[in-house]
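# Residue-level structural notes
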Amino acid sequence: MRLEPVADPGLVRLIGLPALALAGMVGVASVLAMLAGANPFAVLGLIVQGAAGSKFAALETLNRATPLIFTGLAVAVAFRAKLWNIGAEAQLYAGALMTVLIGTQLGLPGTLALPLMAGAAILTGGLVLLGPVLLKVRLGVDEVVTTLLFNFIMLLFVSMLLEGPLKDPMGMGWPKSEALPRDARLPRIVDGLRLHWGFGLALISAVLVWVIQVRTTLGYEIRAVGQNPQAARFAGIPVGRVMVKTALLSGGLAAMAGFSEVAGLKGSLTLDLSPGFGYTGIVVAMLALLHPLGVVVSAIFVAGVFVGANSMSRAAEVPTYIADISVATALLFMVLAILLTRFRVVRG
Amino acid sequence: MEIFEILLSASFWAAVLRIASPLILATMGELICERAGVLNLGIEGIMVFGAFAGWMAVYAGLGLWPGVLVAFAAGAMFGLVHATLTVPFGLSQHVVGLGITLLATSSAYYAYRLALPQVTSPPRITPFQPLNIPVLSDIPFLGPALFSQTALTYLAFASVAVVALVLFRTPLGLALRAAGENPSAVEAQGLSVTALRMGAVMVGSGLMAVGGAFLTMSAFDSFFFEMVNGRGWICIALVVFGAWMPGKALLGALLFAAFDALQIRMQQTPMGAHVPYQVFLMVPYVLSILALVLMSRRAEVPAALMVPYNRGER
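Residues numbered from 1 in each chain as written. Chains lettered and ligands numbered in written order. Predicted model: local features only at pLDDT ≥ 70, side-chain atom pairs only at ≥ 80, totals over all residues. Heavy atoms only, no water.

The name that an unreviewed UniProt entry assigns to chain B is Nucleoside ABC transporter membrane protein, with the source organism given as Rhodovulum steppense. Chain B has a UniProt comment under Subcellular location (unreviewed entry) that states "Cell membrane". (UniProt positions renumbered as here; feature names shortened; annotations may be inferred.)

Taking an unreviewed UniProt entry as the reference, chain A is identified by name as Nucleoside ABC transporter membrane protein belonging to Rhodovulum steppense. Turning to chain A, the UniProt record has this under Subcellular location (unreviewed entry): "Cell membrane".

A tally of helices and strands in chain B yields 13 helices and two strands. The C-alpha atoms of chain B give 20 Å as radius of gyration, which agrees with the globular expectation for 314 residues (20 Å, within 12%). Seen along its three principal axes, the alpha-carbon backbone of chain B occupies a region of about 65 × 50 × 45 Å. For chain B, buried positions account for 57% of its 314 residues. In chain B, once contacts between residues fewer than 6 apart in sequence are set aside, the share between residues at least 24 apart is 77%. Put simply, chain B shows about 13000 Å² of open surface, and 68% of that area lies on carbon and sulfur atoms. Taken as two groups, the 14 positive and 13 negative side-chain charges of chain B have centres that lie 6 Å from each other. (Helix = DSSP H or I, 4+ residues; strand = E, 2+ residues; numbered from the N terminus. Rg over C-alpha atoms; globule rule 2.2 N^0.38 Å. Buried < 20%, exposed > 50% of the residue type's maximum accessible area, 1.4 Å probe, protein only. Contact = heavy atoms within 4.5 Å. Areas by Shrake-Rupley, 256 points an atom, 1.4 Å probe, with all protein chains shown as cover. Lys, Arg positive; Asp, Glu negative; His and termini not counted. Charge placed at Lys NZ, Arg CZ, Asp CG, Glu CD.)

For the rest of this paragraph, the subject is the UniProt feature "transmembrane region" (unreviewed entry) in chain A. All names here are of chain A. Under the feature "transmembrane region" (unreviewed entry), the UniProt entry names residues 12-34, 65-83, 90-108, 114-135, 144-162, 195-214, 279-309 and 321-340. Along residues 195-214 one finds 90% helix and 0% strand; the C-alpha atoms at either end are 30 Å apart. Taken end to end, residues 321-340 has its terminal C-alpha atoms 29 Å apart, with 100% of it in helix and 0% in strand.

Within the chain, E226 of chain B stands out as a residue other than glycine whose phi angle is a positive 60°. Tracing the chain through its elements places E226 of chain B in the loop between α10 (193-219) and α11 (231-241).

Here we take up helix α4 (residues 64-86) of chain B. For α4 of chain B, which comprises 23 residues, the first-to-last C-alpha distance of 33 Å matches the rise-based estimate of 33 Å (1.5 Å per residue) to within 8%. Within α4 of chain B the residues assigned to the buried category are G67, V68, A71, A74, G75, A76, F78, G79, H82, A83, L85 and T86 of chain B. Taken together, the buried residues of α4 of chain B touch α13 (321-342) of chain A together with α3 (43-59), α5 (93-115), α7 (151-169) and α10 of chain B. (Expected span 1.5 Å × (residues − 1).)

With 47 residues of chain A at the contact, the number on the chain B side is 43 residues. Summed over both sides, the interface between chain A and chain B buries roughly 4100 Å², with carbon and sulfur atoms accounting for 82% of that surface. At the junction of chain A and chain B, the tally comes to zero salt bridges. The interface formed by chain A and chain B includes five residue pairs in polar contact (both at pLDDT 80 or more). Only β1 (2-5), α1 (11-35), α5 (110-139), α6 (143-163), α11 (277-287) and α13 of chain A provide two or more residues apiece to the side of chain A that touches chain B. Looking at the side of chain A that touches chain B, the element that brings in the most residues is α6 of chain A, giving 13 residues. Residues belonging to the side of chain A that touches chain B are distributed by class as follows: 39 nonpolar, four polar and four charged. (Buried area = accessible area lost by both parts, 1.4 Å probe. Salt bridge = Lys/Arg side-chain N within 4 Å of Asp/Glu carboxyl O. Polar contact = N/O pair within 3.5 Å; in protein donor to acceptor, adjacent residues only side chain to side chain. Nonpolar A, V, L, I, M, F, W, Y, C, P; charged D, E, K, R; others polar.)

The next point concerns the packing of helix α8 (residues 217-227) of chain A against helix α10 (residues 239-266) of chain A. Residue and element names in this part refer to chain A. Direction vectors running N to C along α8 and α10 enclose 110°, while the axes themselves pass 10 Å from each other. As judged from the angle between their axes, α8 and α10 are roughly perpendicular. Two packed elements cross with a definite hand, and for α8 against α10 that hand is left-handed. In this structure, α8 contributes L218, E221, I222 and V225 to the contact, and α10 contributes V239, V242, M243, K245 and T246. Of the residues belonging to the contact of α8 with α10, the class tally is six nonpolar, one polar and two charged. (Axes fitted to C-alpha atoms, helices over the stretch in contact; angles between N-to-C directions. Parallel < 35°, antiparallel > 145°, perpendicular 65-115°, else oblique. Left-handed = near helix turned anticlockwise from the far one by under 90°.)

So, about the layout of surface pockets. Size it by volume and the second largest pocket reaches roughly 1700 Å³. Counting only elements with at least two residues in the lining of the second largest pocket, the list comes to α3 (55-80), α5, α6, α8 and α13 of chain A together with α5 and α11 of chain B. The class makeup of the residues in the lining of the second largest pocket is 31 nonpolar, nine polar and nine charged. (1 Å grid on protein atoms, 1.4 Å probe; cavity = no way out; pocket = protein on both sides within 12 Å on 5 of 7 lines; lining within 4 Å. Points joined across faces, edges and corners; volume = space filled by probe spheres on them.)

Here the focus is the UniProt feature "transmembrane region" (unreviewed entry) in chain B. All names here are of chain B. Per the UniProt annotation, the sites labelled "transmembrane region" (unreviewed entry) are residues 6-26, 38-58, 64-83, 146-168, 199-220, 232-259 and 279-296. Between the first and last C-alpha atoms of residues 38-58 the distance is 32 Å; the span itself is 76% helix and 0% strand. Secondary structure content for residues 279-296 is 94% helix and 0% strand, while the C-alpha to C-alpha distance between its ends is 25 Å.

Here the focus is the packing of helix α2 (residues 40-52) of chain A against α3 of chain A. Residues and elements named next belong to chain A. Where α2 meets α3, the closest approach of the two axes is 5 Å, and the angle between their N-to-C directions is 80°. Here α2 is positioned roughly perpendicular relative to α3, judged by the angle of their axes. Contacts between α2 and α3 pair Q49, G50, A51 and A52 from the former with A57, A58 and T61 from the latter.

Let's shift gears to the pattern of salt bridges. Throughout the structure, instances matching the rule amount to four salt bridges over all chains. Here K176 of chain A and D168 of chain A are joined by a salt bridge, their closest N and O atoms 3.5 Å apart. According to the relative accessible area criterion, K176 of chain A is partly exposed, its value standing at 25%. Residue D168 of chain A is classed as buried on the basis of its relative accessible area, which comes to 10%. For D221 of chain B, the salt bridge identified is with R124 of chain B, shortest N-O distance 3.2 Å. Placement of the pair is D221 of chain B in the loop between α10 and α11 and R124 of chain B in the loop between α5 and β1 (130-132), with a sequence separation of 97 residues. For R124 of chain B, a relative accessible area of 62% corresponds to the exposed category.

Residues and elements named next belong to chain B. Side chains of F4, L7, L8, W13, L136, I139, F141, L142 and L146 sit close together on the surface and give an oily, nonpolar patch of about 770 Å² of accessible area. Contributions of two or more residues to the nonpolar patch are made by α1 (2-7) and α6 (142-146). Looking at the secondary structure, you find L7 in helix α1. The class for L7 is partly exposed, based on a relative accessible area of 31%. (Patch = residues over 30% accessible without salt bridge, like charges linked within 9 Å, V, L, I, M, F, W, Y side chains within 5 Å.)

Turning our attention to the nonpolar core. Ranked by internal contacts, the top residues of the largest apolar core, which has 221 residues, are F79, M117, F259, L269 and I322 of chain A together with F223 and W233 of chain B. Among the elements that make up this core, the one with the highest residue count is α13 of chain A (15 residues). Not counting residues within four places of it along the chain, the set of residues in contact with W233 of chain B comprises V145, L148, L149 and F152 of chain A together with L41, I43, E44, L98 and T101 of chain B. (Core = buried A, V, L, I, M, F, W, Y, C linked by side-chain atoms within 4.5 Å.)

All names here are of chain A. Summarising the element assignment, S274 is placed in the loop between α10 and α11. For S274, a relative accessible area of 8% corresponds to the buried category. Within the structure, the side chain of S274 is placed 2.9 Å from the backbone nitrogen of F277, a separation counted as a polar contact.

Time to look at α7 of chain B. Its 19 residues give α7 of chain B an end-to-end C-alpha distance of 26 Å, which sits within 8% of 27 Å, the value for a rise of 1.5 Å per residue. Where α7 of chain B is concerned, the buried positions are A151, L152, T153, A156, S159, V160, V163 and L167 of chain B.

Below, the structure is given as structure tokens:
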């Protein structure tokens, strides 16, 4: 077989194929449900209901989508520049760590503490990614492996602090940080509704990233470097410096996920703060075709799958990992579908 | 000095070989893929699935060797998915690889939960037992250190020899390496780059899965979540450290395992008691990054690594 470019892909191709990819994901989920001995229609219904069937469920989905928007944006920004940041998990924890450090150790009033927490988180997240990026730019060390390995190092570092200097003396022996004071937490968007301002910040960030990408020189340079670094260098774009700026932006966004989870939702830092939000961010970004506004939509979709599956598995005897498998297959189907909107398969 | 006491004990060197075994198998798997031009980031998940599949097969009543075969076949299946997407379709090897890792990991966990819905402690199997090699295992010090390992450890070392032989001493190996260096030259010889690369990814993924299975069938006797714990990523670093040569990669794996075995033992010394255990656990990951930095200038990357090949296109 061979791939041949499609000169003029029709609307059917452009919309039909991605739709088919999502249908494929639903198909896989149905088979998995049947393997578990459950009725696939009932399982799918329960998932949808659990994700969006009530006000409570929908808000839960948006809450879950918040860190995914941040990590999705982090990945989207980086991948645009062909900077393979697989370390959003580490940057998230770096952000969470700074949030807790400033929020619990300095004793500042909330109006001062919150912006400082966010700023320090963004900076630290950026610096965590800067290391691997400098190694890539200066020494040509592949950043995929270094950012991946950093995830493990960071988690151990956090674990060390949570069992040492940051341990909550009132935590009954659990490795958990002290809780942030009430006024150093992100307020709810609407009183009485369980949705915190982290979600608002995530939406604002998505718009900001979009503006950076389409309206600024940096956005142009990032795209140029991603498409062809040699050509970009030839055109006078400082490739190394663009990479560094991309790293600071991407790492900062991922760290915001940590900030918003601690200051908006959990109130303290534990080792299970993130069930792999950094990795799921890759799926979110790819499903959104790396478009910052698309990230919001795909993050809500992916969050819905997870929240829905969680609630479904309490009702039906189907393990929650059905969500993880579905999301992974959605990723693989979608990248294939997107390719096939531009190329057709020919024999020979 | 405690360090010398540790280094002079046979049990330390036995542990080095034991820790190195899964790394060697998976590193050889990754090396085959990369030599043919495909970066396989599915390695971490494929190791998880291999660990589950091999163990589950034995738990379900198969023998140990059939269990290893099941793991290999399961790995090759994920390899087939990876290869189909990255070779003929030429999709991003980064994205597909990570997708395969997510898919394989969650599939293993899903299947585990389905098969054993109500277990509190994971059930055990009877794993591979140490195999004392006659005569050799009676040599003082060397015997217990090197020659009373389980069969899978010997298999790991044999895999290095086989991979080296095939890659550098057979026409198939030449074709594979050429597919990773200069695919159009392979096509000019009338060979199919697609077939070579897909085959390499499938066999390589099979080996990765056997590496994972070592954990549940030889090192331990049951399956835990997160037991692979980044070993796959470390293997990718080992391939770079070994400059894509099987022998050097083996050396890297042994060196790495020696540091790992040392840190485990250092934790129990009086000095180790003053240092948080997390510092010791960081050592392997930090070492892997250091290895990458050290080799960054010298390594000769296969020229067509991560470059999709589309016939008829230049």
